[in-house]
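Results of the structural survey
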Amino acid sequence: MTRTPPTTVARVRLWRWRRNPLRRHSDVVEAWIVLAGWVLALAVGILAGLVAARTSASGFTARQARVHPVSAVVTSDAARTPAASDGYGDDRVWAVVRWTDRDGSVHTDRAKVVPGATAGSRVTVWTNRADRIVPAPLVGSAADLQAALTGALVAPAAGALVWGAGWLVRDRLIRRRMAEWDAEWKQIGPRWGNLSGGRG
């Protein structure tokens, strides 16, 4: 029976920080730029996502405060089938409705109702402060889901923006390093050729 030699786990060392004669100051700066870029991208992404979600939720709450539901009456029979839609409709049809506001004024407007609604049937519509019919506000779990989706979309976008800025800074550092190497080689190259007898 053959025994396998014990495996040793080598310690992972971050070469840009370890001491060695080949490490340049620009290597350390580049390592810090990469580390700071990732940390900031993560932090800014999370923060931006949270702020966007809260702002979206506040917007839904504010809109809900600006509109109110009223009971309206369908004034004429609604169509029995919805018009051909592009797939984003809610299978309802337009009909003229009438309602009375709090001060006794009578208003009419077009609203979406279920297909085949008969004249005189009651529907609930949402109106704004100008007594115009508006779409129903998002409330409850639908509003929470929309706010969460908004935050989920904003977070990676903000993180990517910060990461991109860090990448540009790193790219500028690398270009500067290459320019310095080029300048050094222009000075050392001719001497290297002389030391190697013209064969280098």
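Reference entry: report on the structure contained in this document. (Residues numbered from 1 in each chain as written. Predicted model: local features only at pLDDT ≥ 70, side-chain atom pairs only at ≥ 80, totals over all residues. Heavy atoms only, no water.)

**Description of the packing of aromatic side chains**
Enumeration over the complete set of coordinates arrives at one aromatic pair. Here the aromatic rings of W38 and W163 are separated by 5.8 Å at their centres, their planes lie at 50°, and the arrangement is tilted. Of this pair, W38 sits in helix 1 (residues 25–66) while W163 sits in helix 2 (residues 140–195), and the two are 125 residues apart along the sequence. (Phe/Tyr/Trp six-rings, centres within 6.5 Å; stacked < 30°, edge-to-face > 60°. Helix = DSSP H or I, 4+ residues; strand = E, 2+ residues; numbered from the N terminus.)

**Structural notes on the layout of surface pockets**
By volume, the largest pocket is sized at about 270 Å³. Around the largest pocket sit R92, W94, R110, A111, K112, T124, V125, W126, I133, V134, P135 and A136, which together line it. Breaking the lining of the largest pocket down by element, the ones donating at least two residues are strand 3 (106–113), strand 4 (122–127) and strand 5 (133–134). Here the lining of the largest pocket is composed, by residue class, of eight nonpolar, one polar and three charged. (1 Å grid on protein atoms, 1.4 Å probe; cavity = no way out; pocket = protein on both sides within 12 Å on 5 of 7 lines; lining within 4 Å. Points joined across faces, edges and corners; volume = space filled by probe spheres on them. Nonpolar A, V, L, I, M, F, W, Y, C, P; charged D, E, K, R; others polar.)

**What to know about the nonpolar core**
Counting 14 residues, the largest nonpolar core has V74, V97, V113, V123 and V125 as the members making the most contacts within it. When contributions to this core are tallied by element, the ones reaching two or more residues are strand 1 (68–74), strand 2 (93–100), strand 3 and strand 4. Looking at which element gives the most residues to this core, the answer is strand 2, with four residues. Sequence-distant contacts of V97, defined by excluding residues within four places in its chain, comprise A72, V73, V74, T75, H107, T108, D109, A111, V113, V123, V125 and I133. (Core = buried A, V, L, I, M, F, W, Y, C linked by side-chain atoms within 4.5 Å. Buried < 20%, exposed > 50% of the residue type's maximum accessible area, 1.4 Å probe, protein only. Contact = heavy atoms within 4.5 Å.)

**Thoughts on unusual backbone geometry**
One non-glycine residue with positive phi stands out, namely D131, at about 55°. As for its position among the elements, D131 is in the loop between strand 4 and strand 5. D131 gets classed as buried once you look at its relative accessible area, which sits at 18%.

**Things to note about the sheet that holds strand 4**
Here we have five strands laid out as an open sheet, ordered 3-2-1-4-5, and antiparallel in their pairing. Each edge of the open sheet is held by one strand with a lone partner, namely strand 3 and strand 5. The pairing of strand 4 with strand 5 spans two bridges and is classified as antiparallel. Residue pairing across strands places T127 opposite I133, the latter belonging to strand 5. (Pairing = 2+ DSSP bridges.)

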